[in-house]
Amino acid sequence: MAYWYEGPLAAFDTETTGVDVETDRIVSAALVVQDAPGARPRVNRWLVNPGVPVPAGATEVHGLTDDHLQRNGRWPSPVMFEIAELLAEQAAAGRPLVVMNAPFDLTLLDRELRRHRASSLGHWLDATPLRVLDPRVLDKHLDRYRKGRRTLTDLCAHYDVTLAEAHDAAADALAALEVVRALGRRFAARLERLSPAELHTLQATWHAAQARGLQAWFARSGTPETVDTSWPLRPELPAAA
């Protein structure tokens with residue numbers, strides 16, 4: 001019997017102008033689809049001229065400069081339409097979508113759709129919702145007492161997955177997909193009886209618990225930061241940009 005982690009998976013990733021989902025913008029994105037382990041992935045890539053300056057700190061991370069994006073990037077509106085359309089296709093096909101730290105990428109996409117299309121991600125998924133697999137949430141739940149960081153680079157090292165070019169959207173998406181396959185095999189006894197739809201629901205609960213734990217740690221350490229418990233999409237703020 002083939003389990004979900006040995007079947008078709010898609011993965012989505014973005015590179016951005018920063019880390020604020022309400023105000024920052026997408027500068028590149030990728031959707032990777034793989035029909036089976038080891039199969040050649042199909043890759044859709046987008047390069048976006050965000051219409052705002054790219055901070056030097058962001059360029060240091062992903063290497064995309066204002067000049068490069070202005071010369072080679074497309075306007076955001078058609079790109080966001082194409083991304084939303086393809087994500088809706090994954091949902092309609094019943095293909096689980098891997099998104100590392102899903103509340104960041106999916107919320108940022110939602111805000112870009114609102115900004116440039118007067119739409120929302122939820123609008124595109126009215127007929128069939130996404131079934132999201134978030135390697136960060138899964139790993140923190142299944143191996144909760146392991147010490148150390150859990151960035152994509154850390155998870156790739158832990159699960160022996162090659163990350164060819166960190167902070168390239170397509171490379172990151174494929175690596176996250178492979179981490180989920182490896183994670184599924186390692187914790188097969190706990191995961192093989194769960195469908196992606198059931199896992200989607202469970203991850204919302206697991207992420208909320210993880211966020212509350214982090215919030216409690218911030219409180220003890222005197223850090224004023226607020227942790228959002230929503231997963232895989234943060235609710236719209238009344239004054240969202």
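Coordinates for the structure precede this section.
Note that the structure is predicted; figures quoted are calculated from it, not measured.

How each quantity is defined
- Residues numbered from 1 in each chain as written.
- Predicted model: local features only at pLDDT ≥ 70, side-chain atom pairs only at ≥ 80, totals over all residues.
- Heavy atoms only, no water.
- Helix = DSSP H or I, 4+ residues; strand = E, 2+ residues; numbered from the N terminus.
- Rg over C-alpha atoms; globule rule 2.2 N^0.38 Å.
- Buried < 20%, exposed > 50% of the residue type's maximum accessible area, 1.4 Å probe, protein only.
- Contact = heavy atoms within 4.5 Å.
- Areas by Shrake-Rupley, 256 points an atom, 1.4 Å probe, with all protein chains shown as cover.
- Lys, Arg positive; Asp, Glu negative; His and termini not counted.
- Charge placed at Lys NZ, Arg CZ, Asp CG, Glu CD.
- Expected span 1.5 Å × (residues − 1).
- Axes fitted to C-alpha atoms, helices over the stretch in contact; angles between N-to-C directions.
- Parallel < 35°, antiparallel > 145°, perpendicular 65-115°, else oblique.
- Left-handed = near helix turned anticlockwise from the far one by under 90°.
- Nonpolar A, V, L, I, M, F, W, Y, C, P; charged D, E, K, R; others polar.
- Phe/Tyr/Trp six-rings, centres within 6.5 Å; stacked < 30°, edge-to-face > 60°.

> Can you lay out the overall build of the chain for me, pointing to particular residues and giving the numbers?
Helix and strand counts for the chain stand at 10 helices and five strands. Here the C-alpha radius of gyration of the chain, 17 Å, is about what a compact globule of 241 residues would show, namely 18 Å. Taking all 241 residues of the chain together, 48% fall into the buried category. Contacts in the chain between residues at least 24 apart in sequence constitute 68% of all its contacts with a sequence separation of at least 6. Put simply, the chain shows about 11700 Å² of open surface, and 52% of that area lies on carbon and sulfur atoms. Computed over 27 positive and 31 negative side-chain charges, the inter-centroid distance for the chain is 5 Å.

> I'd like to hear about helix 4 (residues 102-117), residue by residue, with values.
Between its first and last C-alpha, helix 4 extends 21 Å over 16 residues, near the 22 Å set by a 1.5 Å rise per residue. Counting buried residues along helix 4, 12 of its 16 residues qualify, which places the element largely inside the surrounding structure. Buried within helix 4 are the following residues: Ala102, Pro103, Phe104, Asp105, Leu106, Thr107, Leu108, Leu109, Asp110, Arg111, Glu112 and Leu113. Phi turns positive one or two residues past the end of helix 4, at Ala118, with a value near 50°.

> Could you give me a rundown of the environment of Met100, with the residues and numbers involved?
Position of Met100 among the secondary structure elements: in the loop between strand 4 (97-98) and helix 4. On the basis of relative accessibility, which here comes to 11%, the residue Met100 falls in the buried class. For the pair Met100 and Ala84, spaced 16 residues apart in sequence, the C-alpha separation works out to 17 Å. With sequence-adjacent residues up to four places away left out, Met100 is seen in contact with Asp105, Asp134, Pro135, Arg136, Arg150, Thr151, Leu152, Leu155 and Ala176.

> Provide a residue-level description of the packing of helix 6 (residues 135-142) against helix 8 (residues 169-186), including the pertinent values.
For the pair helix 6 and helix 8, interaxial distance at closest approach is 10 Å and the crossing angle is 30°. Taken together, helix 6 and helix 8 sit at an angle that is classed as roughly parallel. Our pair here, helix 6 against helix 8, has a crossing hand that is left-handed. Contacts from Pro135, Leu138, Asp139 and Leu142 in helix 6 reach Ala176, Val179, Val180 and Leu183 in helix 8. Per-class residue counts for the contact of helix 6 with helix 8 are seven nonpolar, no polar and one charged.

> Can you explain the packing of aromatic side chains? Please cite residues and give values.
This structure, assessed with the given rule, holds four aromatic pairs. Centre to centre, the rings of Tyr3 and Tyr5 are 5.8 Å apart; their planes meet at 25°, and the pair counts as stacked. Note on Tyr5: relative accessible area 4%, which makes it buried. With a centroid separation of 5.2 Å and 85° between ring planes, the pair formed by Trp4 and Tyr5 is classed as edge-to-face. Classification of Trp4 as buried rests on a relative accessible area of 10%. A network of ring pairs unites the aromatic residues Tyr3, Trp4 and Tyr5 as a single cluster.

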